[in-house]
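# Understanding the architecture of this molecule
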Amino acid sequence: MFIHSVLFEIRPKEVAKYRKDSLMWARYTKKAVGFVAYHTMKRFGFKNQYASVYQWDKKANHDRFMRKYHDWLVGKSTAKVKVLGYYNLKAIDKI
């Protein structure tokens, strides 16, 4: 399993737009081969921080989707956000 997460800082007035943008991304991602799940999350204990978390069966499927759609979806997104970090995670144990 492969997880891609992006941590954002988002001003309160931009949160509704960010959530709308996130759901737009998720609608396209949902159709991609190897997509498993998507979550929009608020970072607990931190002000104005949110994460978009995508779960894939393989990194190659994520990479294929990003090559095809990333720049186009960024262009369609309307929220003003500040990226704080990108996190790529690979599962090594699962219970």
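Being a predicted model, the structure only gives us computed values, none of them experimental.

In this structure the tally under the stated criterion is nine aromatic pairs. Ring centres of Tyr28 and Trp72 lie 5.1 Å apart, and the angle between their planes is 85°; on these two criteria the pair is classed as edge-to-face. Taken together, the positions of Tyr28 in helix H1 (residues 15-30) and Trp72 in helix H2 (residues 59-76) put the pair 44 residues apart, joining distant regions of the chain. For Tyr28, a relative accessible area of 26% translates into the label partly exposed. According to the relative accessible area criterion, Trp72 is partly exposed, its value standing at 42%. Note on Phe35 and Trp56: the rings are 5.6 Å apart at their centroids and 80° apart in plane angle, and the pair reads as edge-to-face. Of this pair, Phe35 sits in strand S2 (residues 35-42) while Trp56 sits in strand S3 (residues 49-56), placing them 21 residues apart in sequence. Summarising the burial analysis for this pair, Phe35 and Trp56 share the class buried. Of the aromatic side chains, those joined through ring pairs into one cluster are Tyr28, Phe35, Trp56, Phe65, Tyr69 and Trp72. Directly above the ring of Phe46 sits Arg43, whose terminal nitrogen or CZ lies 3.6 Å from the centroid.

Turning our attention to the sheet that holds strand S1 (residues 2-9). The strands making up a sheet are joined through hydrogen bonds of the backbone, oriented either antiparallel or parallel. Overall, antiparallel pairing links the four strands, which are arranged S2-S3-S1-S4 in an open sheet. Of all strands in the sheet, those with a lone pairing partner are S2 and strand S4 (82-90), marking the two edges. Averaged over all neighbouring strand pairs, the angle between strand axes comes to 15°, with direction disregarded. Pairing analysis gives seven bridges linking S2 to S3, with the strands arranged antiparallel. Bridge pairing in S3 places His39 opposite Val53.

Basis of the calculations
- Residues numbered from 1 in each chain as written.
- Predicted model: local features only at pLDDT ≥ 70, side-chain atom pairs only at ≥ 80, totals over all residues.
- Heavy atoms only, no water.
- Phe/Tyr/Trp six-rings, centres within 6.5 Å; stacked < 30°, edge-to-face > 60°.
- Helix = DSSP H or I, 4+ residues; strand = E, 2+ residues; numbered from the N terminus.
- Buried < 20%, exposed > 50% of the residue type's maximum accessible area, 1.4 Å probe, protein only.
- Lys NZ or Arg CZ within 6 Å of the ring centre and 35° of its normal.
- Pairing = 2+ DSSP bridges.
- Axes fitted to C-alpha atoms, helices over the stretch in contact; angles between N-to-C directions.

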